Amino acid sequence: ETFFVNLAGSRGGKIARVTLELEIEEKSTDITEEIERRKPQIRDIIIILLSSKTYEQISTRDGKDNLREEIKARLNSFLTKGKIKSVLFTEFLLN
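Here we summarise the structure given alongside this text.

Parameters and conventions
Residues numbered from 1 in each chain as written. Predicted model: local features only at pLDDT ≥ 70, side-chain atom pairs only at ≥ 80, totals over all residues. Heavy atoms only, no water. Axes fitted to C-alpha atoms, helices over the stretch in contact; angles between N-to-C directions. Helix = DSSP H or I, 4+ residues; strand = E, 2+ residues; numbered from the N terminus. Left-handed = near helix turned anticlockwise from the far one by under 90°. Contact = heavy atoms within 4.5 Å. Nonpolar A, V, L, I, M, F, W, Y, C, P; charged D, E, K, R; others polar. 1 Å grid on protein atoms, 1.4 Å probe; cavity = no way out; pocket = protein on both sides within 12 Å on 5 of 7 lines; lining within 4 Å. Points joined across faces, edges and corners; volume = space filled by probe spheres on them. Expected span 1.5 Å × (residues − 1). Buried < 20%, exposed > 50% of the residue type's maximum accessible area, 1.4 Å probe, protein only. Arc of directions from axis to C-beta. Polar contact = N/O pair within 3.5 Å; in protein donor to acceptor, adjacent residues only side chain to side chain. Salt bridge = Lys/Arg side-chain N within 4 Å of Asp/Glu carboxyl O.

Digging into the packing of helix 2 (residues 39–51) against helix 4 (residues 61–76)
Okay, so step 1: Close contact between helix 2 and helix 4 brings their axes to 11 Å; oriented N to C, the two are set at 145°. Our pair here, helix 2 against helix 4, has a crossing hand that is right-handed. Between helix 2 and helix 4, the residues in contact are Ile 42, Ile 45, Ile 46, Leu 49 and Leu 50 and Leu 67, Glu 70, Ile 71, Arg 74 and Leu 75, respectively.
Okay, so step 2: Of the residues belonging to the contact of helix 2 with helix 4, the class tally is eight nonpolar, no polar and two charged.

Below is the structure:
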């Protein structure tokens with residue numbers, strides 16, 4: 001999935017384009033189906049989280065690692081059929 005968001009505090013001046021993949025703990029049809037069924041909720045969580053960040057918070061390696069962990073923790077807090085093992089950024093552009 002690809003996300004385009006305005007970053008916090010930028011008044012539309014800073015935009016993030018982020019594409020990510022979710023790696024699940026174990027190959028299971030149940031978790032795959034749950035993720036697919038809850039895709040709108042997952043997208044909403046990621047968009048709200050990304051747009052709450054400032055350029056300074058996510059422009060560094062540590063910032064990206066923290067964001068990765070935040071996304072994983074938020075998603076794992078409501079998934080019931082399995083857990084996200086890791087969040088992988090396949091594209092991360094800040095403008």
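Structure's up, so let's keep going.
Some details on the layout of surface pockets
Okay, so step 1: There is about 320 Å³ of room inside the largest pocket.
Okay, so step 2: Taken together, 13 residues make up the lining of the largest pocket; nearest its centre are Glu 1, Glu 21, Leu 22, Ile 35 and Lys 39.
Okay, so step 3: Secondary structure elements with two or more residues in the lining of the largest pocket: strand 2 (15–24), helix 1 (29–37) and helix 2.
Okay, so step 4: Residue classes in the lining of the largest pocket are distributed as seven nonpolar, one polar and five charged.

Some thoughts on helix 2
Okay, so step 1: For helix 2, with 13 residues, the first-to-last C-alpha span of 18 Å sits near the 18 Å given by 1.5 Å per residue.
Okay, so step 2: Those residues of helix 2 not exposed but buried are Ile 42, Ile 45, Ile 46, Leu 49 and Leu 50. End-on, the buried residues of helix 2 take up no more than an arc of 125°, which puts them together on one face.
Okay, so step 3: Each element contacted by the buried residues of helix 2 is listed here: strand 1 (2–6), strand 2, helix 1 and helix 4.

Overview of the side chain of Ser 86
Okay, so step 1: Mapped onto the elements of the fold, Ser 86 is located in strand 3 (residues 84–94).
Okay, so step 2: With a relative accessible area of 17%, Ser 86 lands in the buried category.
Okay, so step 3: Engagement of the side chain of Ser 86 in a polar contact is seen with the side chain of Glu 23, the distance being 2.6 Å.
Okay, so step 4: Ignoring sequence-local partners within four residues, the contact set of Ser 86 consists of Glu 21, Leu 22, Glu 23 and Lys 72.

Observations concerning the pattern of salt bridges
Okay, so step 1: For the structure on display, the rule yields nine salt bridges.
Okay, so step 2: Measuring nitrogen to oxygen at the nearest pair gives 2.6 Å for the salt bridge that ties Glu 70 to Lys 53. Remark: Lys 53 occurs in the loop between helix 2 and helix 3 (55–58) and Glu 70 occurs in helix 4; sequence separation between them is 17 residues.
Okay, so step 3: Taking the relative accessible area as the measure of exposure, Glu 70 reaches 26% and is therefore partly exposed.
Okay, so step 4: Look at Lys 53 and you get buried, because its relative accessible area is 12%.
Okay, so step 5: Notably, a salt bridge pairs Asp 65 with Arg 61, separated by 3.3 Å at the nearest N-O pair. Here the residue Asp 65 and the residue Arg 61 both occupy positions in helix 4, the gap between them amounting to four residues, near one helical turn.
Okay, so step 6: Its relative accessible area of 23% is what places Asp 65 among the partly exposed residues.
Okay, so step 7: Taken together, the shared-partner salt bridges in this structure form one network comprising Glu 1, Glu 36, Lys 39 and Arg 43.

By themselves, these figures tell us nothing about what the structure is for.
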